[in-house]
Amino acid sequence: MSFPTDRKYVASHEWARLDGDVVLVGITDNAQDQLGDLVFVGDVNVGAALQAGDVAGVVESVKAASDIYAPVAGEVVEFNEALNDQPNLINEAAHDTWIFKLKPNNPADLDNLLDAAAYEATL
């Protein structure tokens, strides 16, 4: 399993990639592999102001449910609506499928997250 180096990671298995002035957030390939076939992705509240580590949403599979955490502080500005009908997009391409977009309070906070090698070392 390899992890893209164009983003940062959190030990709780989220990835975060700066895209303009927002951060795209998803779960890692390792996380989706552990969860199995996803059947629901949601409970993301657009407009919510979150601190790093706050619950931002949930992913549910045939095996378990797992919270998704905000990697940095900011405001949720968008949920990936395609996941309403196709949560399996994450199973097919976890690192290409964002779950929500976050407008960070301080984009430099991303520098405090794990790089790909450090995340892989936590597994």
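Go over the overall build of the protein chain with me, naming the residues and quoting the values.
Of the regular secondary structure elements, the protein chain holds four helices and nine strands. Of the regular secondary structure in the protein chain, the N- to C-terminal order runs β-β-β-α-β-β-β-β-β-α-α-β-α. Compactness check: the protein chain gives a C-alpha radius of gyration of 13 Å against a globular reference of 14 Å for 123 residues, within 12% of the reference. Considered along the principal axes of its C-alpha atoms, the protein chain spans approximately 35 × 35 × 20 Å. Here the protein chain, with 123 residues, has 45% of them falling under the buried criterion. The contacts of the protein chain with a sequence gap of at least 6 include a subset with a gap of at least 24, amounting to 60%. One finds the centroid of the 6 positive side-chain charges in the protein chain at a distance of 6 Å from the centroid of its 21 negative side-chain charges.

Any details on the sheet that holds strand β6 (residues 55-61)? Residues and values, ideally.
Pairing in this open sheet of three strands is antiparallel, and the strands run β4-β6-β7 from one edge to the other. The sheet terminates laterally at β4 (38-42) and β7 (65-69), the two strands that pair on one side only. Strand-to-strand twist in this sheet, taken as the mean axis angle between neighbours without regard to direction, amounts to 20°. Strand direction decides the pairing type here: β6 and β7, joined by five bridges, are antiparallel.

What counts and how
- Residues numbered from 1 in each chain as written.
- Predicted model: local features only at pLDDT ≥ 70, side-chain atom pairs only at ≥ 80, totals over all residues.
- Heavy atoms only, no water.
- Helix = DSSP H or I, 4+ residues; strand = E, 2+ residues; numbered from the N terminus.
- Rg over C-alpha atoms; globule rule 2.2 N^0.38 Å.
- Buried < 20%, exposed > 50% of the residue type's maximum accessible area, 1.4 Å probe, protein only.
- Contact = heavy atoms within 4.5 Å.
- Lys, Arg positive; Asp, Glu negative; His and termini not counted.
- Charge placed at Lys NZ, Arg CZ, Asp CG, Glu CD.
- Pairing = 2+ DSSP bridges.
- Axes fitted to C-alpha atoms, helices over the stretch in contact; angles between N-to-C directions.

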